[in-house]
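# Chains, contacts and geometry: an overview
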Amino acid sequence: MTSMADISKYAEEASRRTGVPSSVIAAQAALESRYGKSAPGNNYFGIKAFKSWNGPVQNLMTTEYVNGKKVRVRQPFRKYETPVQSFVDWANLIANNPRYANVLTATTPEEAFKALKAGGYATDPNYVGKLMAAHSRV
């Protein structure tokens, strides 16, 4: 289990790499990892392992929303040796994937969270609200 203090420290480094405020990064890591309590394979952001991923993979059950319905499915997720690797990979994903360009230019946390959702980061229709709630706790 990782503490919120550790998550905040790792978020500071990811912020330096992306310019995204550390509180935005920490909120997403907190939400995705249940505040540091669950990060299988040190994956604090729930980053999936699509075909372009060349690193270790773990197949995990997750909840997705398909046609507005909540379903449980097994999906491939990235696996990291350390929490730091997860935060660095998140920073690289956000900085280098055009789908998330608006996250980098957001001027408020809500704008950044909406850009993550619009970029396809999560299928949960309540993702932005959940991120905002997490942001108020970090």
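Cut-offs applied
- Residues numbered from 1 in each chain as written.
- Predicted model: local features only at pLDDT ≥ 70, side-chain atom pairs only at ≥ 80, totals over all residues.
- Heavy atoms only, no water.
- Helix = DSSP H or I, 4+ residues; strand = E, 2+ residues; numbered from the N terminus.
- Rg over C-alpha atoms; globule rule 2.2 N^0.38 Å.
- Buried < 20%, exposed > 50% of the residue type's maximum accessible area, 1.4 Å probe, protein only.
- Lys, Arg positive; Asp, Glu negative; His and termini not counted.
- Charge placed at Lys NZ, Arg CZ, Asp CG, Glu CD.
- Pairing = 2+ DSSP bridges.
- Contact = heavy atoms within 4.5 Å.

Before going further, it helps to examine the overall build of the chain. On a plain count of helices and strands, the chain comes out with 6 helices and 2 strands. Starting at the N terminus, the α and β elements of the chain follow one another as α-α-β-β-α-α-α-α. The C-alpha radius of gyration computed for the chain amounts to 14 Å, which stays within 12% of the reference 14 Å derived for 138 residues, consistent with globular compactness. Taking the principal axes of the C-alpha coordinates as reference, the chain spans close to 35 × 35 × 30 Å. In the chain, buried positions account for 41% of the 138 residues. Mean positive and mean negative side-chain charge positions of the chain (18 and 10 charges, respectively) differ by 8 Å.

As a further point, take the pairing of strand S2 (residues 69-78). Sheet topology note: the strand S1 (residues 57-66)/S2 ladder contains 10 bridges and is antiparallel. Each bridged residue has a counterpart across the sheet, and for Glu64 the counterpart in S2 is Val71. Between the antiparallel neighbours S1 and S2 lie 2 residues, among them Asn67 with a positive phi of about 50°.

The next point concerns the side chain of Asn42. With respect to the helices, strands and loops of the structure, Asn42 is situated in the loop between helix H2 (22-32) and S1. A relative accessible area of 19% places Asn42 in the buried class. If sequence neighbours within four positions are ignored, Asn42 has contacts with Tyr80, Glu81, Thr82, Pro83 and Ser86.

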